[in-house]
Amino acid sequence: MRDETYTHIVVGAGSAGCVVAARVAENRNFRVLLIEAGSDCDPETCSPLAGVRDSRRVPMKGQSELFDPALDWNIDVSIPGGQSMQIPQAKVVGGGSSINGGTALRNTVADSEEWVRMGNDRWNFRSVYEVYQSLEDDSYRGTRGPHPIARASRDETGRIQRAFLDGALACGMPSVHDLNATGAEGAGPSPVCRRGQVRISAANTFIDPIRIQSNLTIMSNAQVDKVLFSGTKARGVLLTDERILHVSQEVVVCAGAIFSPAILQRSGVGPAPLLQDLQIDVLSDLPVGCNLSDHPCIPVVSRPKPGAYAQGDSSLEMQARWSSTRHPGAIDLQMVCFSYLFVPAAETQTGRSLAGTATGHVAGIGCNVNKPTSLGNVTIRSTDAIEYPVVNPAYLNTSHDREIAREVVRQAYRVITCPAMQDVLEEPLTLRESIVEDDAALDEWISSQLSSTYHFCGTCRMASRRESGVVDQSGRVYGVDGLRVADASVIPTVPASNTMWTTMMFAERIGCSIRDAIDVGTALRASL
Ligand SMILES: Cc1cc2nc3c(=O)[nH]c(=O)nc-3n(C[C@H](O)[C@H](O)[C@H](O)COP(=O)(O)OP(=O)(O)OC[C@H]3O[C@@H](n4cnc5c(N)ncnc54)[C@H](O)[C@@H]3O)c2cc1C
């Protein structure tokens, strides 16, 4: 480390933190420190783990044999019936983008309209559309940006993925090759951040090219405990090893939708009753940690027939998105084809994973409720930064969400039992026609299999104070100075799409606003 005073400290080098640090460091008057609790891999000096490199699998427990537990926070979240489930959360430079499925879907028009109604007029669809364009290197959507997005052709995929596509089309869904086209509904290839079969993370695109830049320092294996203040002005961060790092301008928290609110709460920014119970001085009484949202995933899985899955097949390439009968145009339902999940019995301590209660090698369809109305929360248990917060996503807490869940599961059952899929898969493991036909039985089955897509967001909501906001439209935390949040936590309501690409879009805009010292939505400087 060169000096321990920086103009900006970015906490968390995940999908958002890498983008923010890179944008802020474009201003050579700034000295940026990017802090990451997990490990780093500079491609000049180290080789990425095989699992991290290979885009065909998600290198996390239950999804690939190629996983390193050190890259996973592995946290507990509540599920219905008073149970809990362990879920993966990335702990590595690149964050989720280094280990996830890489699906890069833009948010929908309806998402942006909802955000505008919450006081975010600068996040209208036209503005965010331009930001996506500026980020994407995509032969379908434009090649202005730096981040690669590819789609598999039907022939490039394995038998299970092809059977899913054929099944969805046979069930009446339109074929769509570009699911990022505005308003697109139907079945087709997922847009994925990869070059060939190599996963491309936010770190690869935004950090690797500037590692030698003198105004950027990357500190890995360093965990932030809390933000330190002088009065209400952020002046630095405290690490869990008790080091203090000073900042002259801003701390930008990008530790993800579970850990960012925990850091803010420990720092005295959060709901006053919670902080007072833990004897933390309240600097700003805000609903930090409230409004937690995720896409519940209900897996409809079975055993692959012999020869259906080949070792090199990609596990996540095809999907379908469409609107529920209740919300035409909302694109609030999604089915994702899994051709490979592997859950050793010993690893389902809580009896639940992305494969539901199944163990062994399974394949099938993940059914996602993409505009849930249930809202949960993240709350710290103590002032000890090593202790994980309580995470309660309140999955399917509303009758609305349960109704939508039934609709998507019924469609998945039609697809998985159609001739194309029955060529490659056995009968669904636990789901039966008699259950599918009965609302009460189906609700019970869904709650027994429910899992997560790991698309957490909303815990430091960008909105007006009246709409339960924590940050303004440029990511500045209300009631204090020199503190922003710029990750999935700020997304006002969960988008009807996988969250990484929306997160990176938010990070891009907030990062540019810090770089240019202007509010989001003001014309960016042409050059610095
Ligand atoms: C297994 C899995 C698969 C997924 N698949 C997809 C997908 O295919 N498509 C998609 O769109 N989304 C996917 N997601 C979700 C997506 O990865 C997230 O929405 C996205 O990464 C959120 O970005 P973020 O920057 O907010 O958080 P993250 O990317 O999680 O980054 C947060 C970073 O902060 C670090 N950190 C946390 N606390 C501290 C601390 N106290 N001090 C220092 N550093 C800290 C973490 O280690 C992490 O690196 C998936 C997620 C998971 C876990």
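Residues numbered from 1 in each chain as written. Predicted model: local features only at pLDDT ≥ 70, side-chain atom pairs only at ≥ 80, totals over all residues. Heavy atoms only, no water.

**Thoughts on the overall build of the protein chain**
For step 1, the next point in the chain: A count of helices and strands for the protein chain gives 14 helices and 23 strands.
For step 2, the next point in the chain: The C-alpha atoms of the protein chain give 22 Å as radius of gyration, which agrees with the globular expectation for 528 residues (24 Å, within 12%).
For step 3, the next point in the chain: With respect to the principal axes defined by its C-alpha atoms, the protein chain has extents near 65 × 45 × 45 Å.
For step 4, the next point in the chain: Taken across its 528 residues, the protein chain has 62% of its residues classed as buried.
For step 5, the next point in the chain: Sequence separation of 24 or more characterises 71% of the internal contacts of the protein chain that already satisfy a separation of 6 or more.
For step 6, the next point in the chain: Distance from the positive charge centre (48 side chains) to the negative charge centre (59 side chains) of the protein chain: 3 Å. (Helix = DSSP H or I, 4+ residues; strand = E, 2+ residues; numbered from the N terminus. Rg over C-alpha atoms; globule rule 2.2 N^0.38 Å. Buried < 20%, exposed > 50% of the residue type's maximum accessible area, 1.4 Å probe, protein only. Contact = heavy atoms within 4.5 Å. Lys, Arg positive; Asp, Glu negative; His and termini not counted. Charge placed at Lys NZ, Arg CZ, Asp CG, Glu CD.)

**Some points on the site of the ligand**
For step 1, the next point in the chain: Lining the immediate surroundings of the ligand are 38 residues, of which Ser15, Glu36, Gly96, Thr499 and Met500 lie closest.
For step 2, the next point in the chain: Contact distances for the ligand include 3.1 Å between an oxygen atom and a backbone N or O atom of Val92.
For step 3, the next point in the chain: Burial of the ligand by the protein chains amounts to 95% of its free accessible area of 990 Å².
For step 4, the next point in the chain: Grouping the constituent residues of the shell around the ligand by class yields 19 nonpolar, 16 polar and 3 charged. (Near = heavy atom within 4 Å. Polar contact = N/O pair within 3.5 Å; in protein donor to acceptor, adjacent residues only side chain to side chain. Areas by Shrake-Rupley, 256 points an atom, 1.4 Å probe, with all protein chains shown as cover. Nonpolar A, V, L, I, M, F, W, Y, C, P; charged D, E, K, R; others polar.)

**Description of the domain arrangement of the protein chain**
Accessible area lost upon the coming together of the parts is a frequently used measure of interface size.
For step 1, the next point in the chain: Considered domain by domain, the protein chain is made up of domain 1 (1–52 + 87–151 + 200–291 + 459–528) and domain 2 (53–86 + 153–199 + 293–452).
For step 2, the next point in the chain: A separation of 27 Å is found between the C-alpha centroids of domain 1 and domain 2.
For step 3, the next point in the chain: Counting residues at the interface gives 68 residues for domain 1 and 61 residues for domain 2.
For step 4, the next point in the chain: The junction of domain 1 with domain 2 conceals about 5,400 Å² of combined surface from both sides, 60% of it contributed by carbon and sulfur atoms.
For step 5, the next point in the chain: Considering only the side of domain 1, the residues that lose the most area to domain 2 are Ile87, Arg151 and Ile200, jointly responsible for 16% of the buried surface there.
For step 6, the next point in the chain: At the surface where domain 1 touches domain 2, the tally comes to 4 salt bridges.
For step 7, the next point in the chain: A salt bridge links Asp178 to Arg151; the shortest N-O distance between them is 2.9 Å.
For step 8, the next point in the chain: Contributing elements (two or more residues each) for the side of domain 1 that touches domain 2: α2 (50–53), α3 (96–99), α4 (109–117), α5 (125–135), β5 (136–138), β6 (147–149) and α8 (256–266).
For step 9, the next point in the chain: Tallying contributions element by element places α8 first for the side of domain 1 that touches domain 2, with 7 residues. (Domains from an automatic or database assignment. Buried area = accessible area lost by both parts, 1.4 Å probe. Salt bridge = Lys/Arg side-chain N within 4 Å of Asp/Glu carboxyl O.)

**Overview of the state of the cysteines**
For step 1, the next point in the chain: Scanning all chains against the criterion turns up 1 disulfide.
For step 2, the next point in the chain: Not engaged in a disulfide, the cysteine Cys193 finds its nearest cysteine sulfur in Cys18; these two sulfurs lie 13 Å apart.
For step 3, the next point in the chain: Relative accessible area serves as the criterion here: at 2%, Cys193 is assigned to the buried category. (Disulfide = S-S within 2.5 Å.)

**Regarding helix α14 (residues 499–516)**
For step 1, the next point in the chain: The end-to-end C-alpha distance of α14 is 26 Å, a good match for the 26 Å that 18 residues give at a rise of 1.5 Å each.
For step 2, the next point in the chain: Of all 18 residues in α14, 18 are buried, a share of seventy percent or more.
For step 3, the next point in the chain: At the exit of α14 stands Ala517, carrying a positive phi of roughly 55°. (Expected span 1.5 Å × (residues − 1).)

**Some details on the UniProt feature "domain: Glucose-methanol-choline oxidoreductase N-terminal" (unreviewed entry) in the protein chain**
For step 1, the next point in the chain: The residues that UniProt annotates with the feature "domain: Glucose-methanol-choline oxidoreductase N-terminal" (unreviewed entry) are residues 256–270.
For step 2, the next point in the chain: For the annotated span residues 256–270, helix accounts for 73% and strand for 13% of the residues, and the straight-line distance between the end C-alpha atoms is 16 Å. (UniProt positions renumbered as here; feature names shortened; annotations may be inferred.)

**Here we look at the sheet that holds strand β7 (residues 186–189)**
For step 1, the next point in the chain: Taken in spatial order, the 6 strands of this open sheet run β7-β17-β18-β19-β16-β22, and their pairing is antiparallel. At either margin of the open sheet sits one strand with a lone partner, and together these are β7 and β22 (451–452).
For step 2, the next point in the chain: Summarising the sheet, strand β18 (residues 333–343) and strand β19 (residues 360–369) pair through 9 bridges and their orientation is antiparallel. Paired with Met335 across the two strands is Cys367, which belongs to β19.
For step 3, the next point in the chain: On top of the sheet, helix α10 (residues 399–416) reaches β16 (296–302), β17 (318–322), β18 and β19; it is set at about 135° to β19, its chief contact.
For step 4, the next point in the chain: Sitting on the sheet, helix α13 (residues 439–449) is in contact with β16 and β22, with an inclination near 95° to β16. (Pairing = 2+ DSSP bridges. Axes fitted to C-alpha atoms, helices over the stretch in contact; angles between N-to-C directions.)

**Concerning the pattern of salt bridges**
For step 1, the next point in the chain: Following the criterion strictly, the structure yields 25 salt bridges and no others.
For step 2, the next point in the chain: The salt bridge involving Arg151 is made with Asp138; its shortest N-O contact spans 2.9 Å. Taken together, the positions of Arg151 in the loop between β6 and α6 (159–170) and Asp138 in strand β5 put the pair 13 residues apart, joining distant regions of the chain. By the burial criterion, Arg151 is buried, and Asp138 matches it.
For step 3, the next point in the chain: Arg141 is the salt-bridge partner of Asp178, the closest N and O atoms lying 2.6 Å from each other. Highlighted residues: Asp178 in the loop between α6 and β7 and Arg141 in the loop between β5 and β6, separated in sequence by 37 residues.

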